[in-house]
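As a plain string of letters, each chain reads:
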Amino acid sequence: MKSVILIFVVLMQIANPLSAQDLPIGTGTVVLQDIYATWTFAQEDKSTEWHAAKVPGCVHTDLMAGGIIKDPFLGTNEKDCQWVADKNWIYKSEPFEIQEPVFKMEVLRLRFNGLDTYAKVYLNDKLLIDADNAFRTWEVDIKPAAKRKGNILKIVFTSPLIVGEKRLTELSYPLPGEGIRAISRKPQFHFGWDWGPKLITCGITKPIEILAYDEARFTDIYIEQKSVSNKAASIKTTFTIHSLKEEAARVVFEMERTGDTWSTNIQLKKGMNLVELPLELQFPFLWWCNGQGNASLYKFNAWLVRGESVIDTKSVKTGFRTIELVTEKDSIGESFYFKLNGLPVFIKGANYIPAKYFPGAATTDDYRKLLQSCKDANFNMLRVWGGGVYEDDKFYELCDEMGIMVWQDFMFACSMYPADSLFVTNIIAEADEQTIRLRNHPSMALWCGNNENAEGWERWGWQQGLSEKTKNQLWRAYKDVFDLTLGKAVKKNTNLDYWESSPLFGRGDARSLNEGDSHYWGVWHDEEPFEVLMNKIPRFMSEFGMQSFPSMSVVGEMMVGPNLSYDDAGMAQHQKHNRGFKLMDKYMGNWYPNVPHYNLEKYARITQVVQAEGIGLGIEAERRNMGRCMGTMYWQLNDVWPSFSWAGIDYKGNKKLLHEYLTLLYAPQLISCEVDNRDVKIYWISDNYIKDEQGTLTYTIEDLDGKVLYTSEPVEVMLAQGAQVVHTVDLAKVLGKESTDNKTIRVNIVGLVSHKNYDRVQKLSFANSKLMIPERTETTVEDKAKKAVRKKVSFEFIDLDKK
């Protein structure tokens, strides 16, 4: 058992800051460096056939690079790659050396930041690590095994299928859902999902590092925010320091933005030391989410000093904010909303799956491009879905910078999981590591235990055929993992709230619309019409969606034959939902009954129109019911391979019409409408925190050619956060009774909102995609589709003086 020494100190703010940067680096300073070596790999039962490998990477990308398998993302190649998962694989480095000064240090450790998943690590033929979790860092002392020169690393990866089958036989109960993947702590989506391929890979997924030091090092710095306002921030900074000896030292701590520096003298004990420093910061700039203010960040630098030499340095960046999930009983049931800096926020976002399918493939540019597209579309939150991965540090850093809050699932999804001692011990280490790693990020808003496990247990037939004893065992295991183990880790290591399962109740439970978050899949899976979304309004919509075709360039990567055809075998391989094509066609037929099936390119375009219109219908309804409903996150933001899916951005990064439309649907201010018989209610919706201020709204109803059908009188609107009906239009009077008996027309509502305290007008253009107004002229399906969703949204300020 490791001893932890807690050191309480008196913190002194230095009037003339110590220039710790100018202190000399001591001989015992901490060294952390990547191992650069040439790697090869082989199939274990063909160990004489070695091929070049790339580290970091994985076996599938190495097999592709060597021409042993074809790209599984193209055509029908996926099915020809399934044998890879059945094999064990060996990775071996060429001899590498450790620099003399590093080799002689007191502590010499080897750190694997990513091993996927069952991996035995040998250094110079000595077994050092037996890894069994892709979500953990693996670190080991290599002093007894390392050499100055000629070091060879060998990693043997055992098939998750082989290990999984063995582990399942050791349990006293089955695992309903997908036991073979649930038993394995690796990315769950690698076992296949209804939007992605089944490619159960393995490999060294992140850099390998040498860690060396002679005296002491920072292992962690936690900037815990005790209370925060725009007047003051009270924080407790905890430095975790590992020391090899008892000695006097000093911690110097600097806030880079202001230049404020603090220092304290400490007496280190051998082993782990916790040093707590309380700080009071005056008038901090607060961190706000996208659309509500600036995402202000502060960088802190720490130096561990002995005498006049720096032993170790560490930097941490954070932002000051308070964030909480509010779940309180009310007249409807129980609330579910987020408060940021004491103010409620209506959440606008999406569910995020991994940026790339194969581990380590995503670059900083990939993350930046994807997250920038979210910021530009007015997102303020992403849910990192529980069947994927805990993302790279760069992802969270960019979310911090862009003001995009993160709902973070633990990596459990759509299955029951075991709770034997081996599994629980493993996930305790995983949960501790990940919660500690991510806790300084101001974008982190919530930890959630799993995706749809509770709903699956209640609604998906998992209990059928099980004895009462087995049911009790499984439910007890569920509570042990998701109520006790993970909940305790969040409470112990962070100041964030924890939510056990998303959703807490499935759509078959009457409580699902009145309590907690909702995954409403009645539209799509149950084939309900889109219009249901206008009435079934939950407290928080955390999943709903509609499939569409991707761009035609992505469709081309799926095809096997030379001509676009529905019968192409590649298209079938890339549709992972067993009713996907049928449901897309059905929903299209509901609104566009004359779609030209013979023209695949036009057909594909209109699937995107239907997706955008249908999801838009739900988003508008949820925003119109702000107060009852306080968030909407559609499924899903992105794709990991060429596919027909619910994504708003396809595999190549092309924005579908849905994502283009979100720029308007998620705008800070929105004009929306709701049809009640022949009356149209005009809503003004605002996310602003402005209080007790009014504006004047004047709007027109126009057809898609710009012809004005109706002009309103000026009406007053409150500019504060909320949704309000500002006018009701009697269409029979406006358009004439004769025209109300014909067909449907799509219209724009264009509004000018003037603020009484500012000499300017805010111009908003809103294309309402399914407003049931009689159509006066015939138009083709293609023309309607072209106009139904605008790519460019008019949202600008106009100075009246310049008119």
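Each chain carries its own residue numbering, running from 1 in the direction its sequence is written. For this predicted model, a pLDDT threshold of at least 70 governs which residues receive local features, and a threshold of 80 or more governs which side-chain atom pairs are given and counted, while totals over whole chains, interfaces and linings are taken from all residues. Only hydrogens and water are set aside; all other atoms, that is, all heavy atoms of the structure, feed into the side-chain values.

1. Considerations on the pairing of strand E28 (residues 381-384)
Here is step 1: Only protein chains enter the area calculation, which uses a 1.4 Å probe; residues under 20% of their type maximum are buried, those over 50% are exposed, and those in between are partly exposed. Starting at the N terminus, helices and strands are each numbered in turn, a helix being any DSSP run of H or I of at least four residues and a strand any DSSP run of E of at least two. A two-sided burial pattern is seen for E28, the buried positions comprising Met381 and Arg383 on one face and Leu382 and Val384 on the other.
Here is step 2: Strand pairing requires that DSSP identify at least two bridges connecting the strands. Relative to E28, strand E27 (residues 347-352) runs parallel, the two being bridged by four bridges. The residue bridging glycine 349 from the neighbouring strand is methionine 381, located in E28.
Here is step 3: Strand direction decides the pairing type here: E28 and strand E29 (residues 405-409), joined by four bridges, are parallel. Of the residues in E29, the one forming a bridge with methionine 381 is methionine 405.
Here is step 4: Clockwise travel from the first strand over the helix to the second, with the strands pointing away from the viewer, marks a crossover as right-handed. Each parallel crossover has a hand, and for E28 linked through helix H6 (residues 393-402) to E29 it is right-handed.

2. Description of the confidence of the model for the chain
For residues with low pLDDT, the predicted coordinates do not support detailed interpretation.
Here is step 1: For the chain, mean pLDDT is 87; residues scoring 70 or higher make up 87% of the total.
Here is step 2: Across residues 740-745, confidence stays below pLDDT 50; counting only partners more than four residues off in sequence or on other chains, it has 21 contacts.
Here is step 3: As a per-residue measure, pLDDT reflects the predictor's confidence and takes values from 0 up to 100. When checking whether two residues touch, look at their non-hydrogen atoms; a contact exists if any pair is within 4.5 Å. Low pLDDT (under 50) marks residues 757-803, which in the prediction has 142 contacts with non-local residues, meaning those over four places away or in another chain.

3. Some words on the sheet that holds strand E4 (residues 39-43)
Here is step 1: Taken together, six strands build an open sheet; the order of strands is E5-E4-E6-E12-E9-E10 and the sheet is antiparallel. Edge positions in the sheet fall to strand E5 (51-53) and strand E10 (126-132), since each has one partner strand and no second. Along the sheet, successive strands turn relative to each other by an average axial angle of 25°, direction set aside.
Here is step 2: In the sheet, E4 pairs with E5 via three bridges, with the strands oriented antiparallel. In the strand pairing of E5, threonine 40 is matched with alanine 52. To get an axis, a line is fitted to the C-alpha atoms, and for a helix only the part in contact is used. The angle between two axes follows their N-to-C directions and goes from 0 to 180 degrees.

4. Side note on the packing of helix H12 (residues 580-591) against helix H13 (residues 600-624)
Here is step 1: For the pair H12 and H13, interaxial distance at closest approach is 10 Å and the crossing angle is 75°. Judged by the angle between their axes, H12 and H13 are roughly perpendicular. Within the contact between the two elements, H12 uses Met584, Asp585, Tyr587, Met588 and Trp591 and H13 uses Tyr603, Ile606, Thr607, Val610, Glu613, Gly614 and Leu617.
Here is step 2: Under the scheme applied, nonpolar residues are Ala, Val, Leu, Ile, Met, Phe, Trp, Tyr, Cys and Pro; charged residues are Asp, Glu, Lys and Arg; polar residues are all the others, including Gly. Residue composition of the contact of H12 with H13, grouped by class: eight nonpolar, two polar and two charged. Geometric relationships in this document are graded by angle, where less than 35 degrees denotes roughly parallel, more than 145 denotes roughly antiparallel, 65 to 115 denotes roughly perpendicular, and other angles denote oblique.

5. Overview of the nonpolar core
Here is step 1: To qualify as a nonpolar core, a set must consist of buried Ala, Val, Leu, Ile, Met, Phe, Trp, Tyr and Cys residues joined through side-chain atoms within 4.5 Å. Of all hydrophobic cores here, the largest spans 197 residues; its most connected members are Phe112 and Leu153.
Here is step 2: No other element matches the ten residues that H13 contributes to this core.
Here is step 3: If sequence neighbours within four positions are ignored, phenylalanine 112 has contacts with Val121, Ile129, Arg136, Thr137, Trp138, Leu153, Ile155, Ile204, Pro207 and Ile208.
Here is step 4: Core analysis: the next-biggest nonpolar cluster, separate from the first, contains 16 residues, Trp684, Tyr699, Val717 and Val726 among them.

6. A look at the side chain of asparagine 290
Here is step 1: Turning to its location among the elements, asparagine 290 is positioned in the loop between strand E21 (271-282) and strand E22 (298-306).
Here is step 2: Judged by its relative accessible area of 15%, asparagine 290 falls in the buried class.
Here is step 3: Within the local environment of asparagine 290, its side chain forms a polar contact with the backbone oxygen of phenylalanine 379, the two atoms lying 2.8 Å apart.
Here is step 4: In this structure asparagine 290 touches Lys375, Asn378, Phe379, Asn380, Met402 and Gly403, once residues within four positions along its chain are discounted. Whenever two N or O atoms come within 3.5 Å, that pair is a polar contact, provided that in protein one can donate a hydrogen and the other can accept it, and provided that, for residues adjacent in sequence, both atoms are side-chain atoms.

7. Describing the side chain of serine 686
Here is step 1: As for its position among the elements, serine 686 is in strand E36 (residues 679-686).
Here is step 2: Dropping the residues within four chain positions of it, serine 686 is found in contact with Met626, Pro668, Gln669, Leu719, Ala720, Gln721 and Gly722.

8. So, the environment of lysine 469
Here is step 1: With respect to the secondary-structure elements, lysine 469 resides in helix H9 (residues 468-493).
Here is step 2: For the pair lysine 469 and tyrosine 173, spaced 296 residues apart in the sequence, the C-alpha separation amounts to 9.4 Å.

9. Remarks on the pattern of salt bridges
Here is step 1: Here, a salt bridge means any Lys or Arg side-chain nitrogen found within 4 Å of an Asp or Glu carboxyl oxygen. Counting across every chain of the model gives 41 salt bridges.
Here is step 2: A salt bridge links glutamate 97 to arginine 148, with the shortest nitrogen-to-oxygen separation between them at 3.6 Å. Taken together, the residues glutamate 97 in the loop between strand E6 (89-93) and helix H2 (100-103) and arginine 148 in the loop between strand E11 (138-141) and strand E12 (153-157) connect sequence positions 51 residues apart.
Here is step 3: Glutamate 97 gets classed as partly exposed once you look at its relative accessible area, which sits at 48%.
Here is step 4: One salt-bridge network, in which partners are shared between bridges, spans Arg109, Arg111, Glu139, Glu209 and Arg217.

10. Overview of the packing of H13 against helix H14 (residues 657-665)
Here is step 1: Put simply, H13 and H14 touch, their axes get as near as 8 Å, and they point 30° apart. One way to sum up the angle between H13 and H14 is to call them roughly parallel. The handedness of the crossing between H13 and H14 comes out as right-handed. Along its contact with H13, which presents Arg605, Gln608, Val609, Gln611, Ala612, Ile615, Gly616, Ile619, Glu620 and Arg623, the element H14 presents Leu657, Leu658, Tyr661, Leu662 and Leu665. Note: crossing handedness is left-handed where the near helix turns anticlockwise from the far helix by less than a right angle, and right-handed where it turns clockwise.

11. With respect to H13
Here is step 1: To estimate how far a helix should extend, the number of its residues minus one is multiplied by 1.5 Å. Between its first and last C-alpha, H13 extends 36 Å over 25 residues, near the 36 Å set by a 1.5 Å rise per residue.
Here is step 2: Taking burial as the measure, the 25 residues of H13 include 22 buried ones, the bulk of the element.
Here is step 3: Capping the start of H13, asparagine 599 holds a side-chain oxygen 3.2 Å from the backbone nitrogen of glutamate 601, two or three residues further along.

12. Quick word on the packing of aromatic side chains
We describe a pair of aromatic rings using the distance from one ring centre to the other and the angle between the two ring planes.
Here is step 1: Here the aromatic set is Phe, Tyr and Trp, taking the six-membered ring for Trp, and pairing holds for ring centres within 6.5 Å; pairs whose planes are under 30 degrees apart are stacked, those over 60 apart are edge-to-face, and all others are tilted. Applying the stated criterion to the full structure yields 53 aromatic pairs.
Here is step 2: Residues tryptophan 524 and tryptophan 646 carry aromatic rings whose centres are separated by 5.5 Å and whose planes lie at 75° to one another, so their mutual orientation is edge-to-face. On the criterion of sequence distance, the pair formed by tryptophan 524 in the loop between strand E32 (518-519) and strand E33 (541-543) and tryptophan 646 in the loop between strand E34 (631-634) and H14 is long-range, its members being 122 residues apart. In this structure, tryptophan 524 and tryptophan 646 share a single accessibility class: buried.
Here is step 3: Counting every residue linked through ring pairs, the aromatic cluster contains Phe73, Phe189, Trp193, Trp195, Tyr357, Phe358, Trp385, Trp635, Trp641 and Tyr651.
Here is step 4: The aromatic ring of tyrosine 222 is capped on one face by arginine 439, whose charged end is 3.9 Å from the ring centroid. Whether a charge sits over a ring comes down to the Lys NZ or Arg CZ being within 6 Å of the ring centre and within 35 degrees of the ring normal.

13. A closer look at unusual backbone geometry
Here is step 1: Aspartate 116 connects to threonine 117 through a cis peptide bond whose omega is -5°.
Here is step 2: Of note, threonine 117 is situated in the loop between strand E8 (115-116) and strand E9 (118-123).
Here is step 3: Cis geometry marks the peptide bond from tryptophan 635 to glutamine 636, where omega comes out at 5°.
Here is step 4: Tracing the backbone shows glutamine 636 in the loop between E34 and H14.
Here is step 5: Unusually for a residue other than glycine, asparagine 341 sits at a positive phi of about 55°.

14. Points about the environment of lysine 586
Here is step 1: Here lysine 586 lies in helix H12.
Here is step 2: The spacing of lysine 586 and proline 529 is 57 residues in sequence and 9.7 Å in space, taken between C-alpha atoms.

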